[in-house]
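# Overview (structure and organization)
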Amino acid sequence: MAPVVIGARGEVAPKLGAWLQQIPATTSDIFVRKRTVLGTVLGTAKILLEPSELTLSVVCSRKVLRVWSWKKIATVTIQPGAGFHCSALRSTASEPGEPLEIHKRKLFLWFSHLPQEEKQFGGYFSPETMHVDPLILERKADEGPGLLSSPLQIQTPFRSSVTVEQLFKPNDARSVDRGLNVLLYGAVGTGKSTVVRKLVLDWCTGTTLTNFKLLIPFSCEDLGQLSKTASLRNLVTRKYLHLKNHPLLSGQGDQAKDVLFVLNGMEKMNLDFRIGATELCSDPNEALPPSVVVVNLLRKYLLPEANVLVTTRLSALERIPQKYVSCYAQICGFNDPDRQRAYFTSRLLQHCGDTAHHQEAQAVVELLYCNLQRESQLAAACFLPSYCWLTCATLHFLHFTNTKAAICTLTGIYTSFLRLNFGGEVLGTGSGSNVHVQEHQSSLMLYVVRTVGKLAFDGVTYKRTSFSEKELEQWIGGETKTDEELRQLAVFRTDVLDFFLAPCVVRGEHSPGQPGDVKERRYVFAVPAMQEYLAALYVVLGENKSALEKLTKQVSVAIGQASEDVNVLINILSKFIPLRIFAVFNLLKLLPKFYEKINSQNKSGIARTMAAELFRTEDSYNEDVLDQVEQSLLGVHGPQPRHGEDKPFELYPIFMGGLLHYGNRVLLQQLGCSIQSTTVAQITQALRKYLVRALSKPQPPEELMDLLVLLYEFQNPRLTADVLASIRSIRLNNIRMTPLKCFILSSVLSCAPPSYCLEELDLSSCLLTRDSLQILMPAFRHTHNLNLQFNNLGPESCILLRDLLLDPKSSIMSLQLCDNALLESGVCILLEALPENQTLTHLSLMHTGLGDQGALQLALRLQQQHLLQELNVAYNNIGDAAALALVDACREHPTIHTVHLYLNPLSDVGKQSLYIRGVPRSHSSSDRKVRVLASVTEGSDISVDWHPILSVIRENASSWDHERVKQQLQVFLQDLEGGRKQQQSLWKRLHFRRVEKGVRQTLKMLEENAVLSSTGSTGSN
């Protein structure tokens, strides 16, 4: 038990040194700290002071001493060390600047904190490295209130950008003895909060606003929630206890000139500057409602020497009378591509440690910058820093997925984006009212869904992406009736509408609104995917109910509440008046059940819509949905993708599934959009049925990839396992398998039970690398036939493939590695797995650079594996001797029945010897017959396997060396011509002619492909 000493701090501290010497231990450090997480190191002591309590700790082994007084606490812990430094006890408690230093340290810690939306991308970002100053324009005295530059305006008026520090510099028009009120305003998403955060951090580090000794930031939303009266000093003390009774806030003299108040989000407070409504006050110690304190601070009745920075949205711009504002300045966002590029560079390049990832990130930034320079719709959207954040987050998700980080989904990114911009907001009326409204209808996000989401849903339904002003008037505010609704609509249109919808940018035409523009202005969603997200949210929240469903719900709720009382009354009356007509009232109980039936049908309709939109026939051969998202951000370089007349909305069903994920529902709940668990269960149950039904028919690779993305976004392991149970093969050939897609495939298959196994997993021509294999290893354990042909696998990839074959959980029966540069060294590594592998029956090493030495190594290893049945080593530059040794080894193998050796530089004698070796020496011999596929002929006869040989060549000729294949085909023609001349039978000659025709067609196809490829390369140059 630790010893305890009780006494005042003044009595204990002087004797502490002598008292510590009596403790049988030595010390190395002494700490004086408060009960918070923040501190500063002074010499060997960490000091944290607070007016209400003090904690003094000295580290010691197994001995802790606590010294209490009624208002002071000292904790002493002793630890073995070199010695005790008594000088560390000389704290600087009497230094006048210490509370300000504590304030700076605390502000820096608080404002450096990254929101959860940033941490989900790996924690690479920080305010110091990712900040880019937006364009800030100062409004001149003769200019009226309003926008100096629209956030979506391509041509920005030529003005030099100013900094916040420059706005507070006094000039001839501003009084030096009177503090300045600077009003910084801007649209949603232009970066007002980010500017404030960076401003506070820079002041804490001493890089800006150094003329102010004290900076006090307040959240107007926080102040508006306070219900009790409080003085200015009490408001400061509630938020910053270390500033209690600070002389700069006393109001005496002109000390307040060194103070800067920052009021962020003024639109969330109800400020009334009328004298009759807000009393005057000049005493910082007088308790008043927070709104009255702020009004008097801006009137300069309270601390007139203090400076105030106010940030607000456009709807509240006129809430402060002009006579109380010293300077207006507008945040215009990133109105030029250079600022956007600087933002993207700071975001995407800073976390790339190795050279390969850094080069990829640079390439992504260059492609993005080229797309922005085209005056595309994306460039207009990225004038808002919020959409730059969304673009960076999406590109980070597509290109830099970290498999070890927390699960991140595309739906989660968009939900987090809305939470960052509209989290917890309610729709005001323009008067600054901040009255608590409990109903969900007051949620700003729910209002967005019911207006903009309804417009988005109409566009998705009828395949439209642009809307006229008349359509906007119809869908947004068309049913507004009351004055309250009109005021809410005015605030919504001023602050929020332009955040989602922007004028359509047509490349090569002048901007709308310029002279000579007679075309009707049309509007599009700032980011195309946002239309699909809001449409999906509109449907999932059940806002697309028919009039019958809405009426039935209201009647059902009313009857459900009154049915019990009615039944009790009828039962009493039936005792005295035995009339059978009272039994009719029992029908009232059926209406709630009838509504539940309609409601469940509605949920089933949502699931049916998801499945139908996911597997639309007209979208079957579009790019997969992730490639479409990437093309919308980086543009299309090369041939344009072939879409139908209508734009595909393939993200729409995927967003619908992602919104049902629990994590996204939690975020939506914070936005005031509630999705009930019963709704999720009903949709999931119906979706399972529709997906299984759709998968009963073969689906193109792009559609299968979209299905995998849907299951990944849904994050429902039980649903995923049920859907996978109906899938026996996954063919993703020719899909560009990025690390993200590999991770999605691996994550989805990991939801299957351990006993689940695919018959085939086709990943041919998917641009796979070693890193891709590393991500896909868990998926490979769930497949029998693995096709990895035509990828970018090298010798280092064979280490992973060897480990896969040695894994006891793996059940690989067929492994196809055709057209991968494995080389002899890689194949030798792969062959190390043959002795212990107990499942492999088919191995294809065609065109892998095996060579003679690799073939000889393979011949030696074959004797240690007893299940292999077919071996393909065609097109591997294998000579006669190595080929003969390999065939001899296969003939002695107990199970191998076929060996592919065509397209190897074999002589005629060598080919004839191979066919002879493939046949047993005698009927009594124990040797087995092995089919050797070396050419389309076998001596003077046609090979029975000529057709499979030509089929393989046709399938792969486009990716092989044209000259080499052409040379081999000409050898086939020579063999056929020589064999045909030796035949006496007319029918056999005709058969030779038929095979010769097939070879010539293959040769012609190869020559045409060579001409097309050379023409394409010339055109690109």
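Residues numbered from 1 in each chain as written. Predicted model: local features only at pLDDT ≥ 70, side-chain atom pairs only at ≥ 80, totals over all residues. Heavy atoms only, no water.

Turning to the overall build of the protein, a few remarks are in order. On a plain count of helices and strands, the protein comes out with 37 helices and 26 strands. Counting all 1021 residues of the protein, 51% fall into the buried class. Residue pairs in contact within the protein that sit at least 24 positions apart in sequence constitute 76% of those at least 6 positions apart. On the protein, roughly 47600 Å² of surface is accessible, and the fraction owed to carbon and sulfur atoms is 53%. (Helix = DSSP H or I, 4+ residues; strand = E, 2+ residues; numbered from the N terminus. Buried < 20%, exposed > 50% of the residue type's maximum accessible area, 1.4 Å probe, protein only. Contact = heavy atoms within 4.5 Å. Areas by Shrake-Rupley, 256 points an atom, 1.4 Å probe, with all protein chains shown as cover.)

Let us now look at the nonpolar core. The biggest cluster of nonpolar side chains holds 183 residues, and the ones touching the most others in it are Phe500, Met530, Leu745, Leu788 and Leu901. Beyond its immediate sequence surroundings of up to four residues, phenylalanine 500 is in contact with Tyr387, Leu418, Phe422, Val448, Val452, Val524, Phe525, Ala526, Met530 and Leu534. Core analysis: the second largest hydrophobic core is formed by 70 residues, Leu184, Val196, Val200 and Val310 among them. (Core = buried A, V, L, I, M, F, W, Y, C linked by side-chain atoms within 4.5 Å.)

Before going further, it helps to spend a moment on the side chain of aspartate 495. By the secondary structure assignment, aspartate 495 is in helix α18 (residues 483–500). There is a polar contact of 2.4 Å between the side chain of aspartate 495 and the side chain of serine 315. Not counting the four nearest positions on each side in its chain, aspartate 495 is found in contact with Val188, Arg313, Leu314 and Ser315. (Polar contact = N/O pair within 3.5 Å; in protein donor to acceptor, adjacent residues only side chain to side chain.)

Now for the pairing of strand β18 (residues 758–762). Across the five residues that make up β18, a large majority, four, are buried. Note: strand β17 (residues 729–731) against β18, three bridges, orientation parallel. Note that in β18 the partner of isoleucine 730 across the bridge is leucine 761. In terms of handedness, the path from β17 via helix α28 (residues 739–749) over to β18 forms a crossover that is right-handed. Bridge analysis of β18 against strand β19 (residues 783–787) gives four bridges, and the strand direction is parallel. Counted as the bridge partner of aspartate 762 is asparagine 787 from β19. Each parallel crossover has a hand, and for β18 linked through helix α29 (residues 770–780) to β19 it is right-handed. (Pairing = 2+ DSSP bridges. Right-handed = clockwise from strand over helix to strand, strands pointing away.)

Before going further, it helps to examine the sheet that holds strand β15 (residues 501–503). Across the sheet, three strands lie side by side as β14-β16-β15; this open sheet has antiparallel pairing. Since the sheet does not close on itself, it has two edges, and those belong to β14 (466–468) and β15, each with one partner. Each neighbouring strand pair of the sheet contributes to a mean axis angle of 40°, computed without reference to strand direction. Packing of α18 onto the sheet brings it into contact with β15 and β16 (522–525), and relative to β15 it is tilted by some 75°. (Axes fitted to C-alpha atoms, helices over the stretch in contact; angles between N-to-C directions.)

Right, let's get into the packing of aromatic side chains. Considering all chains together, one arrives at 20 aromatic pairs under this definition. Between tyrosine 447 and phenylalanine 492, the ring centres sit 4.9 Å apart and the planes meet at 65°, which makes this aromatic pair edge-to-face. With a gap of 45 residues between them, tyrosine 447 in helix α16 (residues 444–461) and phenylalanine 492 in helix α18 connect regions that are remote in the sequence. Here phenylalanine 492 falls in the buried class, since its relative accessible area comes to 0%. The ring of tyrosine 690 carries the charged tip of lysine 689 above its face, separated from the ring centre by 5.1 Å. (Phe/Tyr/Trp six-rings, centres within 6.5 Å; stacked < 30°, edge-to-face > 60°. Lys NZ or Arg CZ within 6 Å of the ring centre and 35° of its normal.)

In this section: the side chain of lysine 198. Checked against the element boundaries, lysine 198 lands in helix α7 (residues 192–205). Within the local environment of lysine 198, its side chain forms a polar contact with the side chain of aspartate 202, the two groups lying 2.8 Å apart.

One pass over the full model with this rule turns up 28 salt bridges. In this structure, the salt-bridge partner of arginine 339 is aspartate 336, at a minimum N-O distance of 3.0 Å. Aspartate 336 gets classed as partly exposed once you look at its relative accessible area, which sits at 24%. The shortest N-O distance in the salt bridge between arginine 891 and aspartate 888 comes to 3.6 Å. Of this pair, arginine 891 and aspartate 888 both sit in helix α33 (residues 880–892), three residues apart, which is roughly one turn of the helix. Accessibility assignment for this pair places arginine 891 and aspartate 888 in one class, buried. One network of salt bridges, with partners in common, ties together Asp624, Asp627, Glu630, Arg736 and Lys741. (Salt bridge = Lys/Arg side-chain N within 4 Å of Asp/Glu carboxyl O.)

Let's shift gears to unusual backbone geometry. Within the chain, lysine 300 stands out as a residue other than glycine whose phi angle is a positive 75°. As for its placement among the helices and strands, lysine 300 is situated in the loop between α10 (290–299) and β12 (307–312). Judged by relative accessible area, which is 8%, lysine 300 ranks as buried. One non-glycine residue, glutamine 715, adopts positive backbone phi at about 55°.

A separate point is the packing of helix α26 (residues 701–714) against α28. Running from N to C, α26 and α28 point in directions that differ by 65°, and their axes come no closer than 9 Å. In terms of their interaxial angle, α26 and α28 are classed as roughly perpendicular. Read as a crossing pair, α26 and α28 show a hand that is left-handed. Taken together, the residues of α28 that come into contact with α26 (itself represented by Met705, Leu708, Val709, Leu711 and Tyr712) are Lys741, Phe743, Ile744, Leu745, Ser747 and Val748. Looking at the contact of α26 with α28 residue by residue, the class counts come to nine nonpolar, one polar and one charged. (Parallel < 35°, antiparallel > 145°, perpendicular 65-115°, else oblique. Left-handed = near helix turned anticlockwise from the far one by under 90°. Nonpolar A, V, L, I, M, F, W, Y, C, P; charged D, E, K, R; others polar.)

Let us now look at a nonpolar patch on the surface. Where nonpolar side chains cluster on the molecular surface, the patch consists of Ile275, Leu280 and Tyr301 and spans about 290 Å² of accessible area. If you trace the backbone, isoleucine 275 turns up in the loop between β11 (259–264) and α10. (Patch = residues over 30% accessible without salt bridge, like charges linked within 9 Å, V, L, I, M, F, W, Y side chains within 5 Å.)

A few words now on the packing of helix α3 (residues 98–112) against α7. The interhelical angle for the contact between α3 and α7, taken along N-to-C directions, is 145°, at an axis separation of 9 Å. As α3 runs across α7, the sense of the crossing is left-handed. Side by side, α3 and α7 meet where His103, Lys104, Leu107, Phe108, Phe111 and Ser112 of the first sit next to Arg197, Val200, Leu201, Trp203, Cys204 and Thr205 of the second. In the contact of α3 with α7, the residues fall into seven nonpolar, three polar and two charged.

Another aspect to go through is α26. End to end, α26 covers 20 Å across 14 residues, agreeing with the expected 20 Å (1.5 Å per residue, within 8%). Across the 14 residues that make up α26, a large majority, 14, are buried. One or two residues past the end of α26 sits glutamine 715, with phi positive at roughly 55°. (Expected span 1.5 Å × (residues − 1).)

For threonine 465, the location among the structural elements is in the loop between α16 and β14. Note on threonine 465: relative accessible area 31%, which makes it partly exposed. In sequence terms threonine 465 and phenylalanine 649 are 184 residues apart; their C-alpha atoms lie 9.9 Å from each other.

Turning next to the sheet that holds strand β21 (residues 842–844). In spatial order, the strands read β17-β18-β19-β20-β21-β22-β23-β24; together these eight strands make up an open sheet with parallel pairing. Both edges of this open sheet fall to β17 and β24 (931–933), since each of them pairs with a single strand only. Here the average twist between neighbouring strands, direction ignored, is 10°. Across three bridges, the pairing between β19 and strand β20 (residues 814–816) is parallel. Bridging across to β20, asparagine 787 finds its partner in glutamine 816.

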